[in-house]
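# Geometric and topological summary
As a plain string of letters, each chain reads:
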Amino acid sequence: MLKKEPISKPLSDLIEIMQFTENVSTKIHGILDMDEIFRIVIDEFRKSKKYTCHILLLTDDGKSLKVADTTVSPLKIKAAERLVGIKLKNFTIQLDDSKFFKQVVREGKTIQANVNDVMREMSPQTMVSPIIQLFYFENAMSIVTPLELHGRIIGTFTMTSTTLADYFIPSVSNLTRHITSALELAEENSSRLKTERLLARERDLLQALMDNIPDAIYFKDKNSRFIRINTGQAKKLGIISPEEAVGKTDFDFLTPEHAEDASNDELQVLKKNQPLIDKVEKSERMNGQFRWVSTTKVPIKDQKGQTTGLVGISRDITERKMMKDELKRYSENLEELVRQKTEKLKEAERLAAIGETAAMVGHDLANPLQVISNQLYLGKRMLEQFPEECKKVAIERGVLQMFESVAGQIYYMNKIINDLRDFAMPIKYEPAAIDAETLLTQTLSTIIVPENVRSSIEIDEKLASTKFMVDPNILKRVLINLLTNAVQAMPNGGKLTAKAGLEDGSITLSVKDTGVGIPKENLDKIFEPLFTTKAKGAGLGLAVCKRLIEAHEGSISVESEVGKGTVFTMHVPYRRATSG
Amino acid sequence: MKRKAKTILLVDDDKQILDSLKMILESEGYTVETAQSGEEAVAKNKEKAYDAAFLDMRLPKMQGTDLLAVMHKESPRMVKIMMTGFPSLENAVASLKLGADAYIMKPIDPEKLLELVKNKMTEKSES
């Protein structure tokens, strides 16, 4: 057992300073702010009334020290500032001009010196004595130790006391080490805080972007499940809150077709790391609503470069696309309209040219034909005046047949001229009341039907004994033309049927034969002027018919089968005659 | 009583028409004279009164309707028959208004033509 002896003065001082520094170390432990650490240290020193201290920090250039904090009272600082003419915050100690501080900072030594010697180094050269007088400590000692941060000297810690001795150095050093570790913690904390603040800021910016951009933005994991979506995407999916989508896929919201398509695209983005840029797609929800969107999807990678998911952004281009489509349709329509009009104009020009030619040819053929007629007449007269014998011989030799043949050809040429006239002349629609039976019977009676052709008239009950307003002359001319054609189509005989009926408010008139028929390739052309398959014919007959029927606000069509026969059908407006 | 032969003036720029028609009409006993232009026709009409005239619609320099107007003014009692190779409703109506007795389209059957001119002259003399 140790003998209890009174503790010596230096030992009690040591114990005291050890307790003091230990206490300061405890106080600053866990403080995460540099200035706060310094403030606590200074406060504790002031409270001790026994020890003083200064904390000096290196300037940025590392050439001088500056007072960061001190236990010197503000009053004394003010006095010193007034004395020296420099504010404390502007005051620097040049390391090159100092002895102690230089050793501490540059060599990392802890030195022990008389306080006044230290003060000397801390004063401007011209002001050394007044400063020492101001801060004078009798027999006080200072210990100056380097202040480190992450193994780098950032300044000095100076502790002064009348009780200070060299064996206190470890305690002071220990305190500075605690200060250092506190500072290091604080710095780490501040950089962490800084990072957190930055992250928070980025998060806020992203959130602001996601909440305010009208485009749909979404993040998906490797399995195309939504991780996070913005309000735009929520709207597109048809849900109110973006959170509802988390963990779900497109298949939960969109039609299987569109979801499948999107899923395939995402597989490409995720597996092949290929971004999808501006793909125009129809995004269709299960309720049938759809929008046109332009979609961009890019892979998201972690720090190792592994794809962890994707981010997509879709812009609604429905209006734009609809306008574009509308414009396209409009321009296509316009083109079609122009094409049709041009065709009509061309056709009109062609018809006008044919009309002019027809007029010219008609006129020019009229005179020669008249002369031939006249000569034929004179020839017949001459034959009559021949002596009986001569006449007999001439007749025996067939002169009458010759005359008849010429007359037939004149008749035929005259018909061509009449067709040309019909074609070239303006048609005037002059309606009159007539019934179907009268119309067909009168017309059929004007043409010569050969014996081997059986002709018949069929009238629909709905039209029987009903009078209607048509232009009988126009219809007769067309019917004569069609009936004549029909007879010509049956050189070996057959059946000729003229029919009248009522269909959808139109009178239908048809002429049917059981003749040779018209080949398919010719059916489209038969109503065109100058188209003919006959050895004799200008090809105007059916063109005239079409013109006449169109002037009658009607239409004409044809059906035919080679070897079986042909049927021409006309539709003209049905207007019941008011009287009778 | 032997009647004096009726006189007819034929106006057409086509000589073949004139010649053949002249022969046809003469074979029926008419006295026929011809003119190949409107001017010639007007001149001939001033020298002599004809019972009938056939006027072609299209003549060099002068329109058939213009000639008709002149002839009708000079000889209102003469039968005037218009002939045309290319008929139009306007011309037909205009001709009848200007005093034409008939309007015929070429080619016309000579027998019908003879019948027509005979009838028209009878109508005129009876009126």
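Everything in this summary refers to the structure shown in the same document. Because the structure is predicted, anything quoted here is derived from the model rather than measured.

## Focus on the sheet that holds strand β4 (residues 79-84) of chain B
Residues and elements named next belong to chain B.
- Within the open sheet, the five strands sit side by side as β2-β1-β3-β4-β5. Their pairing is parallel. Each edge of the sheet is formed by a strand with only one pairing partner; in this case those strands are β2 (31-35) and β5 (102-105). If you compare each strand with its neighbour and ignore which way they point, the axes differ by 20 degrees on average.

## Remarks on the interface of chain A and chain B
- Chain A puts 18 residues into the contact, and the matching count from chain B is 23 residues.
- Between chain A and chain B lies a buried interface of about 1,900 Å² when both sides are counted; carbon and sulfur atoms form 62% of it.
- Our enumeration of links across chain A and chain B arrives at one salt bridge.
- The partner of Glu28 of chain B in a salt bridge is Arg381 of chain A, and the shortest N-O contact between them spans 2.5 Å.
- Inspection of the region where chain A meets chain B yields six residue pairs in polar contact (both at pLDDT 80 or more).
- For the side of chain A that touches chain B, the element with the highest residue contribution is helix α10 (residues 318-385) of chain A, accounting for 14 residues.
- Of the residues assigned to the side of chain A that touches chain B, the class counts are eight nonpolar, eight polar and two charged.

## Quick word on the environment of Ser331 of chain A
- You can see Ser331 of chain A is positioned in helix α10.
- Among the residues examined, Ser331 of chain A registers a relative accessible area of 32% and is labelled partly exposed.

## Topic: the environment of Thr443 of chain A
- Here Thr443 of chain A is to be found in helix α13 (residues 436-446).
- Each residue touching Thr443 of chain A, except ones within four places of it in the same chain, is listed here: Lys476, Leu479, Ile480 and Leu483 of chain A.

## As for helix α1 (residues 9-28) of chain A
All names here are of chain A.
- Its 20 residues give α1 an end-to-end C-alpha distance of 29 Å, which sits within 8% of 28 Å, the value for a rise of 1.5 Å per residue.
- Looking at α1, one finds that the buried residues are Asp13, Leu14, Ile17, Phe20, Thr21, Val24, Ser25 and Ile28. Projected down its long axis, α1 carries its buried residues within an arc of 135 degrees, all on one side. Opposite the buried face of α1, at more than 90 degrees from it, the exposed residues are Gln19 and Thr26.
- Close packing links the buried residues of α1 with α2 (34-48), β6 (152-161) and α7 (169-212).
- A positive phi of about 85 degrees marks Gly30, the residue just after α1.

Conventions used here
Residues numbered from 1 in each chain as written. Chains lettered and ligands numbered in written order. Predicted model: local features only at pLDDT ≥ 70, side-chain atom pairs only at ≥ 80, totals over all residues. Heavy atoms only, no water. Pairing = 2+ DSSP bridges. Helix = DSSP H or I, 4+ residues; strand = E, 2+ residues; numbered from the N terminus. Axes fitted to C-alpha atoms, helices over the stretch in contact; angles between N-to-C directions. Contact = heavy atoms within 4.5 Å. Buried area = accessible area lost by both parts, 1.4 Å probe. Salt bridge = Lys/Arg side-chain N within 4 Å of Asp/Glu carboxyl O. Polar contact = N/O pair within 3.5 Å; in protein donor to acceptor, adjacent residues only side chain to side chain. Nonpolar A, V, L, I, M, F, W, Y, C, P; charged D, E, K, R; others polar. Buried < 20%, exposed > 50% of the residue type's maximum accessible area, 1.4 Å probe, protein only. Expected span 1.5 Å × (residues − 1). Arc of directions from axis to C-beta.

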